[in-house]
2 protein chains.
Amino acid sequence: MSSRVLSVKSSLIEPDGGSLINLVVPDSERFSREREASELPHVKLTQIDLEWVHVISEGWASPLKGFMREDEYLQSLHFNSMRLKDGSVVNMSLPIVLAIDDEQKAKIGGSSDVGLIGPSGDPVGVLKGIQIYKHNKEERIARTWGTTAPGLPYVEEVITPAGNWLIGGDLEVFKPIKYNDGLDHYRLSPQQLRKEFDKRQADAVFAFQLRNPVHNGHALLMNDTRRRLLEMGYKNPILLLHPLGGYTKADDVPLDVRMEQHSKVLEDDVLDPETTVVAIFPSPMHYAGPTEVQWHAKARINAGANFYIVGRDPAGMSLPTEKRDLYDPDHGKLVLSMTPGLEKLNILPFRVAAYDQKEKKMAFFDPSRPQDFLFISGTKMRTYARNGENPPDGFMCPGGWRVLVQYYESLQAEETSKPPSVVSV
Amino acid sequence: MSSRVLSVKSSLIEPDGGSLINLVVPDSERFSREREASELPHVKLTQIDLEWVHVISEGWASPLKGFMREDEYLQSLHFNSMRLKDGSVVNMSLPIVLAIDDEQKAKIGGSSDVGLIGPSGDPVGVLKGIQIYKHNKEERIARTWGTTAPGLPYVEEVITPAGNWLIGGDLEVFKPIKYNDGLDHYRLSPQQLRKEFDKRQADAVFAFQLRNPVHNGHALLMNDTRRRLLEMGYKNPILLLHPLGGYTKADDVPLDVRMEQHSKVLEDDVLDPETTVVAIFPSPMHYAGPTEVQWHAKARINAGANFYIVGRDPAGMSLPTEKRDLYDPDHGKLVLSMTPGLEKLNILPFRVAAYDQKEKKMAFFDPSRPQDFLFISGTKMRTYARNGENPPDGFMCPGGWRVLVQYYESLQAEETSKPPSVVSV
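Reference entry: report on the structure contained in this document. These numbers were taken from a predicted model, which means no experiment stands behind them.

Some points on the overall build of chain A
Argument step 1. When helices and strands are tallied, chain A shows 13 helices and 17 strands.
Argument step 2. In summary, chain A has a C-alpha radius of gyration of 22 Å against a globular reference of 22 Å for 425 residues, a match within 12%.
Argument step 3. Principal axes of the C-alpha set define a box for chain A whose edges measure 70 × 60 × 40 Å.
Argument step 4. Counting all 425 residues of chain A, 56% fall into the buried class.
Argument step 5. Contacts in chain A between residues at least 24 apart in sequence constitute 73% of all its contacts with a sequence separation of at least 6.
Argument step 6. Entry remark: accessible area of chain A is about 17900 Å², with carbon and sulfur atoms responsible for 49%.

In structure tokens, the structure reads:
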């Protein structure tokens, strides 16, 4: 059997469901499995489908063993959690589903298994014991985002163009998913991360999820978290700096630029490489705020994290059509503190950091002297970088900042080199 | 203290949270409480707010002690359940909230308590230790209904016109809520129902929620359920025939007509009065399908029911703007079977009953001879009654049918007596 359950010997937090799932077939079986699969009706995956295959196959969504069947999907939509056969509850806030259209459904007919073909035409794996059920897109969107407003990036780019059926089943993957973009060495599986934490003899692992460049405010709270954990009696807390590596919206900073920026932050000793593991979290981004932050936290349990840092408006965004935050910025923290299935994870809500103009550094906001603090939003940061301006001293380490400036310069160069008739998207 | 916890001595199923809540102040304290409340800023209740006060005060929503504060509201929206201090989980699928507008919020100012004034101006109760938070209507609608489609009755009549703030707090009610409509004797509280079941020495209570007239198909499955419970070894299963008595949409049959119809069904011995308790469930109707059916089931736990009958498309409706069911008719049953907090309730999904044209009676649908069965929808039933036609023999007992025909005749008489310029709504 390829759906192996790995024994967990470390003293790290238990994965959801008690054991980590690895759905990659052993090398010795790959050839025969691929041959068997070639006889099956198949489903062509999009790039984002493939990212989900990656996520599921490595056990980030453990105990989920494949794309959701209808009972799992409905539990996710209604309860943001799933009850296992033993009565225990695991968190499962995002529907992890594979959509197909009428034509694909007809081709599959009565087959109980389907082959999965990657975006470039290569065989990726098999979905076994399939179930096909209706893809009620509006209900999925309404219950996941709490809004059906136009302009939600994942909705417009992924759900709206998708087929009207969902296909669930047990996943089997022929070989580990690789991207060959020079960043694969950062893509550690939950199993690999657990080994790394064990090697470093971590007695606490605190995860920081991000999809933006690291500024000194982030660093402050990561270092402060480490200090608090040491005070609590942990001897060797390890930081998992865990940028999201899957789909992000067009105006977010791309993964390669972010990884370079994060490297500089460690080179410049803003974060201590001795106590920091930098890795890529392969999930695509939904921008679904309080619903998605649960997924971000839950997946890190499976990688061994027992502390999770959460800030203002996690997984949130501004509504594209209106000038307001999509979510109440406090709801993410509040919802996460009450989430079923996350009881074993310690949620660390953090105080807001801002630029202290008196001390000329990022500091925790002091409500007794609000006039001294400058809030530098992502938009503001991007504006500085785009205009070649420098942010205030102490906002970000110089090496990290240079990476961003170079990225925005390259964007502008690209735009000005386009013929004027081409609309930039 | 008026928020008394009642001791539960019976052998019936435990109420949610372990003890039933009764928020009506004792007679001896009423006068002083009313006087204290008259000094407070107050909130004027709509008729539907008052129905919720009724629901909460009698303990249908136990362990909820008042209108939801933000942490309860968010748990309801995201998880359809609430975690109690002892770690246990109770179901709580509908947000039970009280909305106020900017002006009312300003008037309340920093007061920690507010008085509640009924629609006719009489003092109803107090909300203590209040919390005021944002009423994000779109999020509430999207997460509760799984759609933001126009034409949802509760949305259009209750939520859209409501204020932009929600006010939560502990409820205290001066005296039991009464309607003086000749039906109050049917409005038994969970406590009164438990006493009645005890008096009848019930060893199983099976609840049937409805908002429509009882036809012989319903009766078939209620009688069949009793038979199954006897087969399971129960000696005295009691049916709780429990029509919903709060807000319903305009084209549903009104409560007084339904109660008369239900009486005829018992008079005509379609259901056995010896083993049936008829009472009114005071909740308003959301028409929120799989989300609402959880509330319908959960509330009956508090009244002592340990079996709950669920059919096709519970709490569903047709979309007003499109010719289709709002929900997948199987989702209600499926979601209910997986709902957190309902583990102690036995869910009894029932087979579809239809009119068997060969046997000339309502019978469980037999898929081996589909051509013999006639499905008579609510719309079809209303059309028969409105046109003064009779449905097939055996569809409904004659006494019950006459009640409906008379109701629709009276409607038509009303409409034809209106001056033509008045649009009927």
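Some words on the relation of the copies chain B and chain A
Argument step 1. Mapping chain B onto chain A calls for a screw motion: a turn of 180° about the axis and a shift of 0.0 Å along it, with 0.0 Å RMSD after fitting. Viewed as a symmetry operation, the transformation between the two copies matches a two-fold axis.

Things to note about the sheet that holds strand β8 (residues 123-134) of chain B
Residues and elements named next belong to chain B.
Argument step 1. The strand order across the open sheet formed by five strands is β3-β7-β8-β9-β6, and the pairing between neighbours is mixed. Each edge of the sheet is formed by a strand with only one pairing partner; in this case those strands are β3 (42-44) and β6 (99-100).
Argument step 2. Both β8 and strand β9 (residues 165-173) contribute to a ladder of eight bridges, which runs antiparallel. Each residue of the ladder has a partner; that of Gly125, found in β9, is Val173.

Describing the packing of helix α5 (residues 137-145) of chain A against helix α5 (residues 137-145) of chain B
Argument step 1. Relative to each other, α5 of chain A and α5 of chain B sit at 125°, their axes nearing to 7 Å. By the criterion of interaxial angle, the relationship of α5 of chain A to α5 of chain B is oblique. Here α5 of chain A and α5 of chain B pass one another in a crossing that is left-handed. On α5 of chain B, the residues that touch Ala142, Arg143, Thr144 and Trp145 of chain A of α5 of chain A are Ala142, Arg143, Thr144 and Trp145 of chain B.
Argument step 2. In terms of residue class, the contact of α5 of chain A with α5 of chain B is made up of four nonpolar, two polar and two charged.

Things to note about the packing of aromatic side chains
Argument step 1. Following the criterion strictly, the structure yields 21 aromatic pairs over all chains and no others.
Argument step 2. Look at Tyr407 of chain A and Tyr408 of chain A: their rings are 4.9 Å apart centre to centre, the planes differ by 65°, and that puts the pair in the edge-to-face class. Each member of the pair Tyr407 of chain A and Tyr408 of chain A is classed as buried.
Argument step 3. Both rings, one in Tyr154 of chain B and one in Tyr247 of chain B, keep their centres 6.0 Å apart while their planes meet at 70°; by these two values the pair is edge-to-face. With Tyr154 of chain B in helix α6 (residues 153-159) and Tyr247 of chain B in the loop between β11 (237-243) and α9 (255-267), the pair connects residues that are 93 residues apart, well separated along the chain. Side by side, Tyr154 of chain B and Tyr247 of chain B carry an identical accessibility label, which is buried.
Argument step 4. Positioned above the aromatic ring of Tyr179 of chain B, the side-chain terminus of Arg187 of chain B is 4.1 Å from the ring centre.
Argument step 5. Here the basic side chain of Arg351 of chain B rests over the ring of Phe364 of chain B, its NZ or CZ set 4.2 Å away from the ring centre.

So, the interface of chain B and chain A
Argument step 1. In this complex, chain B contributes 32 residues to the contact, which on the side of chain A involves 32 residues.
Argument step 2. When the buried area of chain B at its contact with chain A is split by residue, Phe79, Arg143 and Met338 of chain B rank highest and sum to 24% of it.
Argument step 3. Where chain B packs against chain A, one counts four salt bridges.
Argument step 4. With its nearest N and O atoms 3.7 Å apart, the salt bridge here joins Asp328 of chain A to Lys134 of chain B.

Basis of the calculations
- Residues numbered from 1 in each chain as written.
- Chains lettered and ligands numbered in written order.
- Predicted model: local features only at pLDDT ≥ 70, side-chain atom pairs only at ≥ 80, totals over all residues.
- Heavy atoms only, no water.
- Helix = DSSP H or I, 4+ residues; strand = E, 2+ residues; numbered from the N terminus.
- Rg over C-alpha atoms; globule rule 2.2 N^0.38 Å.
- Buried < 20%, exposed > 50% of the residue type's maximum accessible area, 1.4 Å probe, protein only.
- Contact = heavy atoms within 4.5 Å.
- Areas by Shrake-Rupley, 256 points an atom, 1.4 Å probe, with all protein chains shown as cover.
- Least-squares fit on C-alpha atoms with pLDDT ≥ 70 in both.
- Pairing = 2+ DSSP bridges.
- Axes fitted to C-alpha atoms, helices over the stretch in contact; angles between N-to-C directions.
- Parallel < 35°, antiparallel > 145°, perpendicular 65-115°, else oblique.
- Left-handed = near helix turned anticlockwise from the far one by under 90°.
- Nonpolar A, V, L, I, M, F, W, Y, C, P; charged D, E, K, R; others polar.
- Phe/Tyr/Trp six-rings, centres within 6.5 Å; stacked < 30°, edge-to-face > 60°.
- Lys NZ or Arg CZ within 6 Å of the ring centre and 35° of its normal.
- Buried area = accessible area lost by both parts, 1.4 Å probe.
- Salt bridge = Lys/Arg side-chain N within 4 Å of Asp/Glu carboxyl O.

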